[in-house]
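# Working through the structure, step by step
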Amino acid sequence: MNCSRRISESLYWVGVNDRQIALFENVYPVPGGVSYNSYVLMDEKCALFDTADAAFTHPFMENLEGVLQGRNLDYLIVNHMEPDHCASIADVVRRYPEVTVLCTAKASNMMKQFFDFDVNACIQTVKEGDTLSLGRHQLTFVMAPMVHWPEVMVTYETTEKILFSADAFGSFGAINGNLFADEISYKEEWLKEARRYYTNIVGKYGPQVQALLKKAAGLDIQMICPLHSHVWRKDIPWLLEKYQAWSSYQAEDPSVVIAYGSVYGHTEQAADLLAAKLAERGVKGIAVYDVSKTHPSYIIADAFRCQALVLASITYNNGIFCNMENLIHQLAAHNLQNRTIAVIENGSWAPVSGKHMRECLSAMKNNTILDEAFTIRSSMKEDQAASLDALADALSASLKA
């Protein structure tokens, strides 16, 4: 059954939706599923942009053949070699043996690692600024290494001014009928998942994204076709502004995210009380998370959104609570910068989690760790209210600064 979608007079979506998947990359929860986008541009020559995950090769091939309607496929443009987009390459080559596969030199080497077919017989490598004419449509290839793999490129079509953006500008979540971002309440309902997708998948590579954004600034982009989620034809400057903030590690909101690790509720109580004190000081958009119940990807996304971060942990095995330690490791791995960070520790006989957290956080660059320390011994006492007020004051002041 052909389930392709027409985007413009010449451009078609031939992707698939995956609502069966539980963990994207076997790491990130995707309760709304995910889409694997692929596109066909019809002209004197026909070009396919990327393929689909192996679990969906059959419906993907049905979509492709339904659009081509017996025509030959002249080109397969491979922007990204991650298997959720490249796994069906061999099937395309078998079905269309005369196809020319265009990709970067690094992608060519990866293709030989993933597949057993004769890659050299059908491949043509491209470099920065190379062009390809399909007839009325002209393609220009733009290198985008480490966004988020080293072989990545994006492709710009000059006639309809379309950017085929690989994994950039995507989101978690399957496409539920509405193909275009302007057909849904994206800013209200999808932004959280778009942020979580960017910060966790691409967030580490801010400088590389910045380099791509500089290249994109020189292009007249009227449409963005990402490999995941919706197609963009409106509000593109807004989307670029979001990527500018995320990739430069600038907070979107003057707010605070509080993550706590608690066993018997006493550290959780302190986190809740601090959140209330911050709200009383006019801070809006506060987020509070239990690190044992919330996947780190959600906390990381809010850490990118907020200007300040509070980490509250019990002392566990004379160290940091295990789930909090994992979160700190993930924050460092995703290169979080330019944040104000406060630490709260708890311990019944030897509260040392704060010391260990500070040591871990000090390895992260361009962050400010507040001197205000807050230590709980088993449970908070009334005479500690002033100290928690001082921490709330310091956090509030950092947001205003």
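Fair warning: this is a prediction, and the values are worked out from it, not measured in the lab.

### Structural notes on a nonpolar patch on the surface
A cluster of nonpolar side chains, contributed by V263, Y264 and Y316, occupies part of the molecular surface with about 360 Å² of accessible area. Along the chain, V263 falls in the loop between β17 (253–261) and α9 (266–280).

### Observations regarding the pattern of salt bridges
One pass over the full model with this rule turns up 15 salt bridges. Across the pair K277 and D389 runs a salt bridge, and its minimum N-O distance is 2.9 Å. Placement of K277 in helix α9 and of D389 in helix α13 (residues 385–400) is noted, with a sequence separation of 112 residues between them. Looking at K277, the relative accessible area reads 11%, which means it is buried. In this structure, the salt-bridge partner of R305 is D302, at a minimum N-O distance of 2.6 Å. Taken together, the residues span about one helical turn, with R305 and D302 both in helix α10 (residues 296–305) at a distance of three residues. The same class applies to R305 as to D302, namely buried. Residues participating in the shared-partner salt-bridge network are K277, R281, D389 and D393.

### A word on the sheet that holds strand β9 (residues 75–77)
What the seven strands build is an open sheet, ordered β1-β2-β7-β8-β9-β10-β11; its pairing is mixed. Of all the strands in the sheet, just β1 (5–6) and β11 (123–125) have a single pairing partner and so form its edges. With three bridges joining them, strand β10 (residues 100–103) and β11 adopt parallel strand pairing. Its bridge partner lying in β11, V101 is registered against I123. Strands β2 (11–13), β7 (39–41) and β8 (47–49) of the sheet are contacted by helix α1 (residues 57–68), whose axis makes an angle of about 15° with β7. Contacts from helix α4 (residues 105–114) reach β10 and β11 within the one sheet, and its direction differs from that of β10 by about 120°.

### Brief notes about the UniProt feature "domain: Flavodoxin-like" (unreviewed entry) in the chain
In the UniProt entry, the feature "domain: Flavodoxin-like" (unreviewed entry) is given for residues 256–396. Overall, residues 256–396 shows 42% helix and 25% strand. The separation of its end C-alpha atoms is 9 Å.

### Concerning the nonpolar core
By size, the foremost hydrophobic cluster in this structure holds 74 residues, and its most contacted members are L64, I89 and M111. Looking at this core element by element, the count peaks at eight residues for helix α6 (residues 186–202). In this view, I89 contacts T51, L76, V78, M81, M111, F115 and F117; residues no more than four positions away in its chain are not counted. Ranked by size, the runner-up nonpolar core spans 26 residues in total, among them V257, C306, L311 and I314.

### A closer look at the state of the cysteines
Applying the stated criterion to the full structure yields zero disulfides. Its sulfur unpaired, C46 is 16 Å from the next cysteine sulfur, which belongs to C225. The exposure class assigned to C46 is buried, which follows from its relative accessible area of 0%. Note on C103: no disulfide assigned, nearest cysteine sulfur contributed by C122 at a separation of 8.9 Å.

### As for the layout of surface pockets
When its volume is computed, the largest pocket comes out at roughly 360 Å³. Lining the largest pocket we find 17 residues, and of these I314, T315, G347, S348 and W349 sit closest to its centre. Within the residue set of the lining of the largest pocket, elements represented by two or more residues are α9 and β19 (306–316). In terms of residues, the lining of the largest pocket owes the most to one element, β19, which gives three residues.

### Brief notes about the packing of α6 against α10
Here α6 crosses α10 at 95°, and the two axes come no closer than 8 Å. Overall, the two elements α6 and α10 adopt an arrangement that is roughly perpendicular. Where α6 approaches α10, its residues E193, R195, R196, T199 and N200 are matched on the opposing element by S297, Y298, I300, A301, F304 and R305. Its residues placed into classes, the contact of α6 with α10 shows four nonpolar, three polar and four charged.

### Looking at the packing of aromatic side chains
Counting across every chain of the model gives 18 aromatic pairs. For the ring pair F115 and F117, a centre distance of 5.6 Å and an interplane angle of 40° mean the geometry is tilted. Of the two residues, F115 and F117, both sit in the buried class. Where Y198 meets W246, the ring centres are 5.5 Å apart and the plane angle is 25°; that geometry is what we call stacked. With Y198 in helix α6 and W246 in helix α8 (residues 236–247), the pair connects residues that are 48 residues apart, well separated along the chain. As far as the burial class goes, Y198 and W246 line up, both buried. Grouped by ring-pair contacts, the aromatic residues F24, Y28, F172 and Y197 constitute a single cluster. Taking NZ or CZ as reference, R95 lies 4.6 Å from the ring centre of Y96, over its face.

About the thresholds
- Residues numbered from 1 in each chain as written.
- Predicted model: local features only at pLDDT ≥ 70, side-chain atom pairs only at ≥ 80, totals over all residues.
- Heavy atoms only, no water.
- Patch = residues over 30% accessible without salt bridge, like charges linked within 9 Å, V, L, I, M, F, W, Y side chains within 5 Å.
- Areas by Shrake-Rupley, 256 points an atom, 1.4 Å probe, with all protein chains shown as cover.
- Salt bridge = Lys/Arg side-chain N within 4 Å of Asp/Glu carboxyl O.
- Helix = DSSP H or I, 4+ residues; strand = E, 2+ residues; numbered from the N terminus.
- Buried < 20%, exposed > 50% of the residue type's maximum accessible area, 1.4 Å probe, protein only.
- Pairing = 2+ DSSP bridges.
- Contact = heavy atoms within 4.5 Å.
- Axes fitted to C-alpha atoms, helices over the stretch in contact; angles between N-to-C directions.
- UniProt positions renumbered as here; feature names shortened; annotations may be inferred.
- Core = buried A, V, L, I, M, F, W, Y, C linked by side-chain atoms within 4.5 Å.
- Disulfide = S-S within 2.5 Å.
- 1 Å grid on protein atoms, 1.4 Å probe; cavity = no way out; pocket = protein on both sides within 12 Å on 5 of 7 lines; lining within 4 Å.
- Points joined across faces, edges and corners; volume = space filled by probe spheres on them.
- Parallel < 35°, antiparallel > 145°, perpendicular 65-115°, else oblique.
- Nonpolar A, V, L, I, M, F, W, Y, C, P; charged D, E, K, R; others polar.
- Phe/Tyr/Trp six-rings, centres within 6.5 Å; stacked < 30°, edge-to-face > 60°.
- Lys NZ or Arg CZ within 6 Å of the ring centre and 35° of its normal.

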